[in-house]
Amino acid sequence: MSLQNDALTRLGWNASLQQQLTLEDIEQTVPCRVSAVHRGQIIVSHGEGELTLALTGKMLQQRAEHQMTVGDWLLVSRETGAFVRQLERFSLIQRQSAGTDKSQQLIVANVDTLFIVTSCNDDFNLSRLERYLAIAYSAEVYPVIVLTKQDMSDTPQSYMDQARTLGANLIVETVNALDPTTLNVLQNWCKPGQSIALVGSSGVGKSTLANALGAKSQKTGDIREDDAKGRHTTTQRSLLPLDNGAVLIDNPGIRELGMVDAVAGLVTVFEEIAELSQNCRFSDCQHDQEPGCAVKAALEKEELSERRMKSYTKLMAEQERNAATTAERRKKEKATVKFHKKIQSQKKLSRRY
Ligand SMILES: Nc1nc2c(ncn2[C@@H]2O[C@H](COP(=O)(O)OP(=O)(O)OP(=O)(O)O)[C@@H](O)[C@H]2O)c(=O)[nH]1
Ligand SMILES: [Mg+2]
Ligand SMILES: [Zn+2]
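Residues numbered from 1 in each chain as written. Chains lettered and ligands numbered in written order. Predicted model: local features only at pLDDT ≥ 70, side-chain atom pairs only at ≥ 80, totals over all residues. Heavy atoms only, no water.

A word on helix α5 (residues 156–164). Those residues of α5 that fall on the buried side of the exposure criterion are Tyr-159, Met-160 and Ala-163. Along the axis of α5, the buried positions cluster into a sector of 100 degrees, meaning they face one direction only. Packed against the buried residues of α5 are α4 (126–138), β9 (142–148) and β10 (171–174). (Buried < 20%, exposed > 50% of the residue type's maximum accessible area, 1.4 Å probe, protein only. Helix = DSSP H or I, 4+ residues; strand = E, 2+ residues; numbered from the N terminus. Arc of directions from axis to C-beta. Contact = heavy atoms within 4.5 Å.)

In structure tokens, the structure reads:
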């Protein structure tokens, strides 16, 4: 079987994955993509069907970053059907969980594009979009802001204009997810070999959009009239091959995505603030009380908006807090691994004597 076959391309197979294969891999293994993760097992798709693999042994590595997530590619032995190895990811979207353990949760791996979905109603929020953009840039995934429900607003253009203030080259599109004729604006990102993930609050129309783009199978649900909030209809992440050859990953609605390692992304989102701070007198200026602060000066002259500055300060502070808990957790993880290794070697020793 040639690996550059259509069936694999339609699952999102590309050159950066192909490059990782040795001749031996090509002869002895089949590349598969994780389409769903359940408790204790994963469902993977290969060009010609699906397999269920139990999450055991090698797959249960201790480091959180290497747990299997939807979108991952792995190699499975042709002979035994057993897991061989996970391929290196070319992108990874993760979040800091809101729970007390503040653990990192993997959302999707190996996507090219992130459709950041919001609707032309009460869900629309610039600061939330800035957070999603920072996450996309940090994960090296191309962001497209998709404004649904253009048919429900008298002024869809005003939502687009506001979203476009978030970046000079930012792509912002508006659609009616119930009307496939409005979706042409998204076709550019939906080509064979491309993987797209949908993120956004519950009820904005992610699954409706997935169905209209050709996934067909996604359940959708109505929203509350008073505040436009959804009812968390989608409960499982899933990988959906589309008619046009791309792969879409629909996600359950998330109210807020906690950032992990997103400093670089925030600097890109708030480019004008990063540029201004180069002219601050002190290189470590906090843009607070320091003299000669170029950012404060721009705020006073109204060249920088108060909203942007507030959002930047809030997201940077959150990122710093998360980085501190992540560092702390990684330290603990390392100590646990070391502890387990010590116990294992003691067990081995005691067996020997
Ligand atoms: N008028 C209109 N209704 C839409 C549009 N997109 C989605 N809807 C409706 O909005 C509601 C929610 O849509 P879903 O696709 O279930 O939303 P979701 O984002 O997948 O929600 P979760 O799965 O809960 O995260 C449904 O009643 C859809 O019919 C749109 O562009 N225009
Ligand atoms: Mg849904
Ligand atoms: Zn400053």
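Next, the rest of the story.
Protein coordination at the zinc ion (ligand 3) comes from Cys-280 (SG), Cys-285 (SG), His-287 (ND1) and Cys-293 (SG), with a distance range of 2.2 to 2.4 Å. Every donor counted, the four donor atoms about the zinc ion (ligand 3) form angles of 106 to 114 degrees at the centre, which fits tetrahedral coordination. Positions of the donor residues of the zinc ion (ligand 3) along the chain correspond to the pattern C-x4-C-x1-H-x5-C. You'll find Cys-280 and His-287 in the same group, each marked buried. (Donors = N, O, S within 2.8 Å, 3.2 Å for Na, K, Ca; no water. Tetrahedral: all angles 85-135°; square planar, octahedral: opposite > 155°, others 65-115°.)

So, about the domain arrangement of the protein. As far as domains go, the protein holds domain 1 (6–86), domain 2 (92–250) and domain 3 (263–341). On a C-alpha basis, the centroid separation for the pair domain 1 and domain 2 is 26 Å. Each partner contributes to the roughly 1400 Å² buried at the junction of domain 1 and domain 2, and carbon and sulfur atoms together form 53% of this total. Here domain 1 is connected to domain 2 by zero salt bridges. Applying the counting criterion to the domain 1 and domain 2 interface returns ten residue pairs in polar contact (both at pLDDT 80 or more). Of all the elements, strand β1 (residues 29–38) adds the most residues to the side of domain 1 that touches domain 2, at six residues. Grouping the constituent residues of the side of domain 1 that touches domain 2 by class yields eight nonpolar, eight polar and four charged. (Domains from an automatic or database assignment. Buried area = accessible area lost by both parts, 1.4 Å probe. Salt bridge = Lys/Arg side-chain N within 4 Å of Asp/Glu carboxyl O. Polar contact = N/O pair within 3.5 Å; in protein donor to acceptor, adjacent residues only side chain to side chain. Nonpolar A, V, L, I, M, F, W, Y, C, P; charged D, E, K, R; others polar.)

As a further point, take the nonpolar core. Grouped together as the largest cluster of nonpolar side chains are 59 residues, with contacts concentrated most on Ile-93, Leu-114, Ile-116, Ile-145 and Leu-147. A total of seven residues in this core trace back to one element, the largest contributor, which is α4. Apart from residues lying up to four places away in sequence, Ile-93 is in contact with Leu-106, Ile-107, Val-108, Val-111, Leu-114, Ile-135, Ala-139 and Val-141. Among the nonpolar cores identified, the runner-up in size contains 21 residues, and Val-146, Val-175, Leu-183 and Leu-186 belong to it. (Core = buried A, V, L, I, M, F, W, Y, C linked by side-chain atoms within 4.5 Å.)

Here we come to the site of ligand 1. Ligand 1 sits among 24 residues. The nearest are Asp-151, Ala-177, Ser-202, Thr-208 and Thr-234. Within the backbone of Gly-203, a nitrogen or oxygen atom sits 2.9 Å from an oxygen atom of ligand 1. For ligand 1, whose free accessible area comes to 660 Å², the fraction covered by protein is 90%. Tallying contributions element by element places helix α6 (residues 206–212) first for the shell around ligand 1, with three residues. (Near = heavy atom within 4 Å. Areas by Shrake-Rupley, 256 points an atom, 1.4 Å probe, with all protein chains shown as cover.)

What follows is about the environment of Thr-148. Tracing the backbone shows Thr-148 in strand β9. It is 5.0 Å that separates the C-alpha atoms of Thr-148 and Val-175, two residues lying 27 residues apart in sequence. A distance of 2.6 Å separates a polar side-chain atom of Thr-148 from the backbone oxygen of Val-204.

On to the pattern of salt bridges. Where side chains of opposite charge bring their charged atoms close, a pairing between them can arise. Applying the stated criterion to the full structure yields seven salt bridges. As a salt-bridge pair, Arg-131 and Glu-318 come within 2.9 Å of each other at their nearest N and O atoms. Here Arg-131, found in helix α4, pairs with Glu-318, found in helix α10 (residues 306–352); they are 187 residues apart in sequence, far enough to count as distant. Because the salt bridges share partners, they merge into one network encompassing Glu-130, Glu-272, Arg-307 and Arg-308.

Ordered by their spatial adjacency, six strands build an open sheet running β10-β9-β8-β11-β13-β12, and the pairing between neighbours is mixed. The outermost strands of the open sheet, each flanked by one partner alone, are β10 and β12 (238–241). Looking at each pair of strands side by side, their axes are set apart by 25 degrees on average, direction ignored. Running at roughly 175 degrees to strand β8 (residues 113–119), α4 makes contact with β8, β9 and β11 (195–199) of the sheet. (Pairing = 2+ DSSP bridges. Axes fitted to C-alpha atoms, helices over the stretch in contact; angles between N-to-C directions.)

The subject of this paragraph is the pairing of β10. Where β9 lies against β10, four bridges are found, and the strand directions are parallel. Bridge pairing in β10 places Leu-147 opposite Thr-174. Of the crossover connections in this fold, the one passing from β9 over α5 to the parallel β10 is right-handed. (Right-handed = clockwise from strand over helix to strand, strands pointing away.)

Turning next to the side chain of Ser-195. Its location among the elements puts Ser-195 in strand β11. For Ser-195, the side chain forms a polar contact with the side chain of Arg-33, separated by 2.8 Å. Filtering out sequence-adjacent residues up to four positions away, Ser-195 remains in contact with Leu-11, Gly-12, Arg-33, Asn-110, Val-111, Asp-112, Thr-113 and Val-247.

Taken in spatial order, the five strands of this open sheet run β3-β2-β1-β4-β5, and their pairing is antiparallel. Both outer strands of the open sheet, β3 (49–54) and β5 (83–86), are each paired with one neighbouring strand and no more. For this sheet, the mean angle separating the axes of adjacent strands, direction not counted, is 40 degrees. Here β1 runs beside strand β2 (residues 41–46); their pairing, made up of five bridges, is antiparallel. Each bridged residue has a counterpart across the sheet, and for Val-34 the counterpart in β2 is Val-44.

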